[in-house]
Amino acid sequence: MQIIENEKKYDVIIVGSGAGGGMATKVLADSGLKVAVIEAGPFFDPANPDQQTQLKWPYQSPRRGAGTTRAFGEFDMAYGGWEIDGEPYNQVGDSQFDWFRSRMLGGRTNHWGRISLRFGPRDFKGKDRDGLGENWPIGYEDVKPYYDKVDKLIGVFGSKEGMYNEPDGYFLPAPKPRLHELYYKKGAEKSGVKVMPSRLSILTKRINNERGICFYCNQCSRSCSVYGDFSAGSCLIFPAQKSGGQVDLYVNSMVREVTVNDEGKATGVIYIDKEDRKEYRVSGKVVVLAASACSSARILLNSKSPQHPNGLGNSSNMVGKYLHDSTGSDRMAFVPDLMNRKRYNEDGVGGMHLYSPWWLDNKKLDFPRGYHIEVWGGLGMPSYGTAFDPNSLNKYLGLKVGGYGNGLRGDVKKFYGSVMGMSGRGESIASVDNYCEIDPSTVDEFGIPVLRFNYNWSDHERKQARHMHNTFEEIIHNMDGTVLGDKPGKDKDYGLLNPGRIIHEVGTTRMGSDPKKSVVNEFEQLHDVENVFIVDAGPFVSQADKNPTWTILALSWRTSEYIIDQLKKQNI
Amino acid sequence: MNRRDSIRSLFLGSMAGGLALESCVSAPEETVSQKIWEYQYGRTPTEALRDGKLLATQYFENSEINTITRLANLILPPSPEGSIEDAGVPGFIEFMAKDFPGLQTRIRGGLMWLDSYSNRSFKTIFLNCTEDQQHEILDQIAFPDPDAKEQKQEVQFFSLMRNLVMTGYFTSEVGIKELGYEGNQPNVWNGVPDDVLKDHGMSYDESWLPKFVDNSKRNDLATWDENGNLTS
């Protein structure tokens with residue numbers, strides 16, 4: 001089968017349209033460059049009524065919201081999930097890395113939690129604190145101007161708190177907490193756990209005339225039809241197109257490899273069009289990978305040539321290494337004071353209205369780094385699973401469990417809104433032993449070799465999870481609540497979820513000043529190939545106990561400005 | 001051809017391609033087509049095809065559906081607020097059995113157990129028992145043993161049916177109304193109502209109040225001073 005040549009020549013080819021690719025598209029197209037965006041999934045616009053799930057009721061679906069075809073329920077706006085037909089991945093040994101992929105314009109930004117936290121000064125220099133992992137070659141002061149610009153362009157609500165490692169930004173005002181969140185606040189503060197308004201990229205106030213304002217339906221995970229939350233398609237790529245940018249979108253196009261010339265410089269990419277299943281080549285002066293940390297590593301490793309026999313950018317043998325995800329563990333509580341609640345619309349924004357940033361000093365603890373606590377609960381919209389075990393909580397009240405008849409109606413109404421939960425999300429230590437690599441034994445349905453993972457938690461993460469549960473139990477006790485479920489013990493890694501589960505995959509193409517120990521430099525440029533950049537979370541040296549998106553956006557903006565500058569100077 | 005038409009033709013094409021033969025009972029083409037568009041909730045073409053295939057087939061025999069409907073009405077008898085039929089529970093259970101094939105044998109076998117048990121106890125199938133007899137049977141299986149490590153099959157079966165019935169009801173239009181969920185509509189959040197705060201002995205910290213949204217200014221374009229203080 002012959003590769004079909006695309007006649008068009010681009011300044012920049014961007015692979016992937018999530019946070020990193022979206023930001024690069026916006027900045028590069030706005031500067032007048034001719035850009036191709038190559039996305040493995042279909043076109044998606046949350047305002048398209050045929051694709052919209054926002055404001056749908058469970059009874060508008062025959063399965064009432066069950067997660068048969070979408071992992072987080074069928075109204076969730078991620079086309080893909082932990083498993084995708086025709087696109088397998090494998091594990092080495094007893095490793096269990098769960099890989100979440102969303103194949104659509106905007107990628108995982110269409111359904112994410114919108115938690116938009118800046119890394120703080122300490123987060124860039126973890127090794128200085130505890131000798132573990134590696135420092136970033138850049139610091140907070142390098143990224144701060146870009147965080148500021150991202151805040152103003154995209155919008156994030158929050159509050160100025162003046163905490164050293166939770167830097168303030170340009171915030172929109174925060175929504176008032178919900179009732180269960182006030183219970184949490186009271187319980188947490190009693191134990192000395194800091195509580196503050198959350199920081200989510202949701203518009204509680206007008207930020208420009210192109211995007212709508214949040215109307216408090218709680219459904220950011222369904223992607224907002226008025227663009228009141230941040231998704232890369234609606235907030236970066238569409239505006240780049242509307243402002244007259246030269247942006248060509250190639251959707252349903254799966255990139256196989258980056259092509260190079262005799263000097264080993266990138267010339268473009270080869271992709272497979274999923275519609276006609278043919279191979280195409282598109283060429284450009286610069287290639288920007290933003291396919292997700294693991295997907296970009298896969299593309300590099302599959303881009304073997306005489307000039308780069310070990311894969312592109314992989315002379316260090318570091319591509320795929322240092323893969324890490326946030327730690328995560330969750331606990332639920334039954335709060336009797338929240339039984340028989342008065343009813344009112346408590347939807348609020350799509351996520352928590354308050355949370356706890358990391359509040360402790362590790363010198364007194366048996367694990368490094370920290371975690372933040374997310375809070376959930378409230379009078380939410382019913383969905384598949386609501387009213388399962390309708391009166392199991394009766395056992396805490398000394399009442400009978402089970403049965404049938406109209407008493408069950410009363411049980412469901414009595415307990416509605418009385419269960420809440422907490423999720424710890426923390427920083428793991430990046431390790432060279434945790435990696436993804438090409439599995440020579442398996443290809444996907446497009447004939448592209450797939451990844452296999454090797455990832456095992458260490459005691460650093462296990463002890464952190466144990467600490468989470470101790471904290472959760474103390475807070476629940478302070479709320480006069482009942483802890484649900486048994487405390488996970490050592491046999492269950494203290495409740496630590498499988499790596500990958502928090503969907504914060506980072507580190508596979510890490511940044512550094514030493515080309516032997518890292519894949520990209522501080523401008524996310526391959527050490528080995530000057531015209532290839534990586535703007536997803538692959539370059540992250542460490543994760544922080546923050547969600548990666550805001551840092552992906554800031555770094556992608558910084559890198560895009562560097563690309564513009566280098567093209568002007570004809571250096572690349 | 002717009003996207004909707006293209007999905008429709010995709011689906012009907014697959015009907016003609018032998019789908020009807022796979023199902024034990026097949027519905028007429030126009031009924032199927034109508035059914036797909038009864039549900040409009042942002043499906044991808046692949047998902048719409050899958051839904052269409054499931055909706056075009058029937059898994060349970062009519063007699064089984066009748067038993068499921070009776071059982072559902074015993075679990076949640078009709079009230080002025082709503083009934084199992086209002087909530088579309090039998091159709092929901094039929095769909096879920098096709099959507100999660102793992103449910104099929106558990107439900108079909110459980111229904112068979114129910115008839116065998118009533119045949120032995122009352123010499124007739126469950127559906128033909130009197131209401132008192134039906135209650136007598138359910139009383140044997142509706143209360144899981146809190147001390148047992150593993151519940152008996154018939155207890156598990158009833159728990160499964162109760163879960164499906166209850167979730168089917170409370171995710172329906174009547175069930176959501178009865179539950180009192182008031183959201184899923186555009187609105188402006190201004191915090192927990194004062195009377196609720198008072199009932200719970202809660203209040204918003206004075207020091208927090210300046211951090212919160214002033215909804216009268218939500219339409220004003222956000223501006224900040226150089227220190228990041230909101231000025232609009």
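> What should I look at first to understand the overall build of chain B in this one?
Each helix and strand counted, chain B has ten helices and zero strands in total. In chain B, the succession of helices and strands from N to C terminus is α-α-α-α-α-α-α-α-α-α.

> Any chance you could explain the overall build of chain A here in plain terms?
Check the secondary structure of chain A and you find nine helices and 18 strands. Here the C-alpha radius of gyration of chain A, 24 Å, is about what a compact globule of 572 residues would show, namely 25 Å. Looking at chain A as a whole, 59% of its 572 residues are labelled buried. A separation of at least 24 residues holds for 72% of the contacts in chain A among residues at least 6 apart in sequence.

> Can you help me understand helix α6 (residues 293-302) of chain A in this one?
Helical geometry note: an α-helix holds 3.6 residues per turn, so side chains three or four residues apart project in the same direction. Residues and elements named next belong to chain A. The buried fraction of α6 amounts to nine of the ten residues, a majority that puts the element mostly inside the structure. Restricting attention to buried positions, one finds in α6 the residues Ala293, Cys294, Ser295, Ser296, Ala297, Arg298, Ile299, Leu300 and Leu301. Here the buried face of α6 lies against β1 (4-15), β8 (253-260), β10 (278-289), β15 (435-443), β16 (449-454) and β18 (532-534).

> Would you mind going over the sheet that holds β16 of chain A with me for this structure?
Picture the strands of a sheet paired through backbone hydrogen bonds; they go either parallel or antiparallel. All names here are of chain A. A sheet is described by the order of its strands in space; here three strands give the open sequence β4-β16-β15, paired in mixed fashion. Two strands in the sheet have a free side with no partner beyond their single neighbour: β4 (90-91) and β15. Strand direction decides the pairing type here: β4 and β16, joined by two bridges, are parallel. The residue of β16 that forms the bridge with Asn90 is Arg452. Against the sheet, α6 contacts β15 and β16, and its axis sits at roughly 60° relative to β15.

> Where do I start with the interface of chain B and chain A in this structure?
By a widely used convention, the size of an interface equals the accessible area lost when the partners come together. Facing the 69 residues of chain B at the interface are 75 residues of chain A. Elements supplying a minimum of two residues to the side of chain B that touches chain A: α1 (3-22), α3 (45-55), α4 (62-75), α5 (89-99), α8 (153-170), α9 (173-179) and α10 (194-199) of chain B. The element best represented in the side of chain B that touches chain A is α8 of chain B, accounting for six residues.

> Got a minute to help me understand unusual backbone geometry in this structure?
Negative phi characterises most residues that are not glycine, and trans characterises most peptide bonds. Residues and elements named next belong to chain A. The residue Asp389 is not glycine, and still its phi comes out positive at about 40°. Secondary-structure assignment places Asp389 in the loop between β13 (371-376) and α7 (407-415). Of note, Asp493 is a non-glycine position whose phi angle comes to about 50°, a positive value. Note on placement: Asp493 falls in the loop between β17 (482-484) and β18. Of the residues examined, Asp493 has 18 C-beta atoms within 10 Å and is grouped as partly exposed.

> I would appreciate a short explanation of the packing of α5 of chain B against α8 of chain B in the present structure.
All names here are of chain B. For the pair α5 and α8, the least separation of the axes is 9 Å and the interaxial angle reads 120°. The pairing of α5 with α8 is recorded here as oblique in orientation. In this structure, α5 meets α8 at a crossing whose hand is right-handed. On the side of α5, the interface is formed by Val89, Phe92, Ile93 and Met96, while α8 contributes Leu164, Val165, Gly168 and Tyr169.

> What am I meant to see in the nonpolar core here?
Soluble globular proteins: nonpolar side chains tend toward being buried together. Grouped together as the largest cluster of nonpolar side chains are 155 residues, with contacts concentrated most on Val12, Ile13, Ile14, Val15, Val35, Ile38 and Val288 of chain A. Membership of the second largest hydrophobic core comes to 47 residues, among which are Phe60, Ile84, Ile141 and Met166 of chain B.

> For this particular structure, what's the right way to read the sheet that holds strand β11 (residues 327-334) of chain A?
All names here are of chain A. Spatial strand order, β13-β14-β11-β17: four strands in an open sheet with antiparallel pairing. Across the chains shown, the open sheet's two edge strands, defined by having one partner strand only, are β13 and β17. Ignoring strand direction, the axes of neighbouring strands in this sheet form an average angle of 30°. Against the sheet, helix α8 (residues 459-478) touches β11, β13, β14 (419-426) and β17, its axis set at about 20° to β11.

> Teacher, can you tell me more about the confidence of the model for chain B here?
In low-pLDDT segments, the atomic positions of the prediction should not be examined closely. All names here are of chain B. Averaged over all residues, the pLDDT of chain B equals 88, while 84% of them reach at least 70. Contacts of residues 1-26 to residues separated by more than four positions or lying in other chains number 32 contacts, the stretch itself having pLDDT below 50. Overall fold confidence (pTM) sits at 0.95, and the ipTM for the predicted complex is 0.95.

> In this structure, what is going on with the pairing of β13 of chain A? I would like to understand it.
Residues in a regular strand point their side chains to alternate faces of the sheet. All names here are of chain A. Across the six residues that make up β13, a large majority, five, are buried. The pairing of β13 with β14 spans six bridges and is classified as antiparallel. When the bridges of β14 are listed, Tyr371 appears paired with Gly426.

> Would you take a moment to explain helix α6 (residues 102-122) of chain B for this structure?
Residues and elements named next belong to chain B. Its 21 residues give α6 an end-to-end C-alpha distance of 31 Å, which sits within 8% of 30 Å, the value for a rise of 1.5 Å per residue. Contacts from the buried residues of α6 go to α4, α5 and α7 (131-141). Among the residues trailing α6, Lys123 stands out with phi positive, at a value near 60°.

> Even after reading the chapter, I still don't get the pairing of β15 of chain A, so can you show me in this structure?
Residues and elements named next belong to chain A. Of the strand pairs in this sheet, β15 and β16 are connected by six bridges, and their pairing is antiparallel. Directly across from Cys436, in β16, lies its bridge partner Phe453. What sits between the antiparallel neighbours β15 and β16 is a turn of five residues, in which Gly447 has the positive phi angle 80°.

> Help me out: how do you make sense of the confidence of the model for chain A in this one?
Here chain A averages 97 in pLDDT, while 100% of its residues score no lower than 70. Element-level mean pLDDT values for chain A span from 95 in β1 of chain A up to 99 in β18 of chain A.

> Explanation requested: the environment of Gly65 of chain A in the structure shown.
Its place among the elements puts Gly65 of chain A in the loop between β2 (34-38) and β3 (80-81). Along the backbone, Gly65 of chain A and Gly212 of chain A are 147 residues apart, and their C-alpha atoms lie at a distance of 26 Å. Beyond its immediate chain neighbours, meaning those up to four positions away, Gly65 of chain A contacts Pro58, Gly73, Glu74, Phe75, Ser383 and Tyr384 of chain A together with Thr171 of chain B.

> Before we go on, may I ask you to explain the packing of helix α4 (residues 179-190) of chain A against α8 of chain A in this structure?
Angle between the axes and distance between the axes: these two values describe a pair of packed helices. Residues and elements named next belong to chain A. Running from amino to carboxyl end, α4 crosses α8 at an angle of 115°, the nearest separation of the two axes being 8 Å. Regarding the angle of α4 to α8, the classification is roughly perpendicular. Note on packing geometry: the crossing formed by α4 with α8 is right-handed. Contacts from Tyr184, Gly187, Ala188 and Lys190 in α4 reach Ile475, Ile476 and Asn478 in α8. Along the lines of polarity and charge, the residues of the contact of α4 with α8 split into four nonpolar, two polar and one charged.

> Any chance you could explain the environment of Asp145 of chain B here in plain terms?
All names here are of chain B. One can find Asp145 in the loop between α7 and α8. Judged by C-beta crowding, with 11 C-beta atoms within 10 Å, Asp145 ranks as exposed. For the pair Asp145 and Val155, spaced ten residues apart in the sequence, the C-alpha separation amounts to 8.9 Å.

Scoring rules and cut-offs
- Residues numbered from 1 in each chain as written.
- Chains lettered and ligands numbered in written order.
- Predicted model: local features only at pLDDT ≥ 70, side-chain atom pairs only at ≥ 80, totals over all residues.
- Helix = DSSP H or I, 4+ residues; strand = E, 2+ residues; numbered from the N terminus.
- Rg over C-alpha atoms; globule rule 2.2 N^0.38 Å.
- Buried ≥ 20, exposed ≤ 12 C-beta atoms within 10 Å, placed from the backbone.
- Contact = placed C-beta atoms within 7 Å.
- Pairing = 2+ DSSP bridges.
- Axes fitted to C-alpha atoms, helices over the stretch in contact; angles between N-to-C directions.
- Parallel < 35°, antiparallel > 145°, perpendicular 65-115°, else oblique.
- Left-handed = near helix turned anticlockwise from the far one by under 90°.
- Core = buried A, V, L, I, M, F, W, Y, C linked by C-beta atoms within 7 Å.
- pLDDT = per-residue confidence, 0-100.
- Expected span 1.5 Å × (residues − 1).
- Nonpolar A, V, L, I, M, F, W, Y, C, P; charged D, E, K, R; others polar.

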